[in-house]
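Here is what each chain is made of, one letter per residue.
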Amino acid sequence: MSKNENGVRYIVIALCLAALAVIFWKISDVVTVAFGGIVGAAVLRGLAIPLSRRTKLSEGWSITIVLAGLIVVFGITAYLFGQQIADQTTQLERLVPQAVHDITTSLQKSKLGSTLVERVKHSADDSSMLSHVGLAAGALVGGIADALLIFFLSIYFAYTPREYLHGFLRLVPPRYRRRVESALVDSGEALLKWLLAQLAAMVVIGLLVGVGMAFLVLPLPLLLGVVAGLLEFIPVVGALLFTIPGVLVAFTQGPETALYALLIYIGVQQLESNVVIPLFQRWAVRLPPAITLLSVVIGGILLGAPGVVFATPLAVVVMTLVKHLYVEDMLEHHHRKPA
């Protein structure tokens, strides 16, 4: 093949990759929901496969039992704590504006704080507030629809993963199929281990925050613990997000109590970074903190809020694929010395 033909081929490949990137960006919402379904399927299979191995049941029956068990557990939890969480949510809606008012009053006692409060008031007008409320309502409805779609996709992917895997592999040239299949299987195992470790960390962080807020005799300790556990799924950003409502609620009891609450949150975050996460990641894939932070930032820029939520599991999959398909198969393979 001549140099001109090689050059034309590389240009065509580059254009095809660019077109593929544009298509993925245009349908980013669909891609995000599909990846959410993959994450949910990984959780279901991660719980079902050990059950299948111990009971000798088929994977399908094991997934059905796990799914039914999760629904029962969710129903019992909602029955026991649903009303309490709903009441505390209503209280939170009342306490947060009260906390903001108390903070504003405290700031207005100083000249610098008063200037800051005035600038914030002038920067927000009624029309912008109404538009933000409308956007928030639309995002909530869209989020519920996406969550339902992810739930059903998780079930479909969990029951027949090989069907979708083999269908994707048919798009790959035959000589690369075995290598790509091995990389995809390894990335799925890495994703599963990361998810199980992250779910365990979510439970621990939720318990620590709930117990800490109850120790301070703050209102809404159950709700604050649940919020902390759920937001723990988002590394780096989640810790900041679940700290804000806790400190605001504590501020309604006084600035000193808010300071104690902030210290508890900082202590929980230190335990998370130095004890909980390293302990659970001993057998799971480990992401360097810089990669984790960059993945969250890039996911937020490209895909918005869903990108922030799924940025880290997506980074786990991408890193595993890059390791197998590029680092090991291309770089190290070509530079491997003969025995």
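Here's what I pulled together on the structure shown here. (Residues numbered from 1 in each chain as written. Predicted model: local features only at pLDDT ≥ 70, side-chain atom pairs only at ≥ 80, totals over all residues. Heavy atoms only, no water.)

A look at the overall build of the protein
Using the following cut-off: Helix and strand labels come from DSSP, where a helix needs a run of H or I of at least four residues and a strand needs a run of E of at least two; each type is numbered from the N terminus. Two residues qualify as a contact provided that any one of their heavy atoms is within 4.5 Å of a heavy atom in the partner residue. Throughout, the Shrake-Rupley method with a 1.4 Å probe supplies accessible areas, and for residues the shown protein chains are the sole cover considered.
Of regular secondary structure, the protein possesses twelve helices and zero strands. Taken from N to C terminus, the helices and strands of the protein fall in the order α-α-α-α-α-α-α-α-α-α-α-α. Across the protein, contacts joining residues at least 24 apart in sequence account for 67% of those joining residues at least 6 apart. For the protein, the computed accessible surface area is about 21,700 Å², with 71% contributed by carbon and sulfur atoms.

Structural notes on the pattern of salt bridges
As a reminder of what qualifies: A side-chain nitrogen of Lys or Arg and a carboxyl oxygen of Asp or Glu constitute a salt bridge if their distance falls within 4 Å. In this scheme, a residue with accessible area under 20% of its type's maximum is buried, one over 50% is exposed, and one in between is partly exposed, where area comes from a 1.4 Å probe on protein chains only.
This structure, assessed with the given rule, holds two salt bridges. In this structure, Glu59 engages Arg45 in a salt bridge whose closest nitrogen and oxygen atoms are separated by 2.8 Å. Here Glu59 is found in helix α3 (residues 59–107), whereas its partner Arg45 is found in helix α2 (residues 28–55), with 14 residues between them in sequence. For Glu59, a relative accessible area of 29% translates into the label partly exposed. Salt bridges sharing partners connect three or more residues here, namely Arg45, Glu59 and Arg162.

Side note on the packing of aromatic side chains
Each aromatic ring pair is described using two quantities: the centre-to-centre distance and the angle formed by the ring planes. Note the threshold: Centres within 6.5 Å are what make two rings of Phe, Tyr or Trp a pair, Trp counting through its six-membered ring; a difference in plane orientation under 30 degrees is then read as stacked, over 60 as edge-to-face, and the rest as tilted.
A complete count under the given rule lists five aromatic pairs for this structure. Consider the rings of Phe35 and Phe310, whose centres lie 6.3 Å apart with planes at 85°: the pair is edge-to-face. Here Phe35, found in helix α2, pairs with Phe310, found in helix α12 (residues 305–334); they are 275 residues apart in sequence, far enough to count as distant. For the pair shown, Phe35 and Phe310 are each scored as buried.

Focus on helix α10 (residues 255–280)
Our working rule: A helix is expected to span 1.5 Å for every residue after the first. Consider a residue and the seven residues that end there alongside the seven that start there; fitting an axis to each set, the bend is the angle between those axes.
Between the first and last C-alpha of α10 there are 35 Å, a value that for 26 residues agrees with the 38 Å anticipated at 1.5 Å per step. At Glu272, α10 shows its strongest bend, of approximately 45°. Turning to α10, its buried residues number three or more, namely Thr257, Ala258, Ala261, Tyr265, Val268, Glu272, Val276 and Ile277. Residues of α10 that are buried sit in contact with α7 (174–215), α8 (221–231) and α9 (237–251).

Re the environment of Gly225
With respect to the helices and strands, Gly225 occurs in helix α8. For Gly225 and Ile205, which are 20 residues apart along the polypeptide, the C-alpha to C-alpha distance reads 7.7 Å. Ignoring any residue separated from it by four or fewer positions in sequence, one finds Gly225 in contact with Gly206, Val209 and Gly210.

Details of the environment of Leu169
Looking at the element boundaries, Leu169 is found in helix α6 (residues 161–169). A C-alpha to C-alpha distance of 7.1 Å links Leu169 and Glu181, two positions twelve residues apart in sequence. For Leu169, the contacting residues outside a window of four places in its chain are Arg177, Val180, Glu181 and Leu184.

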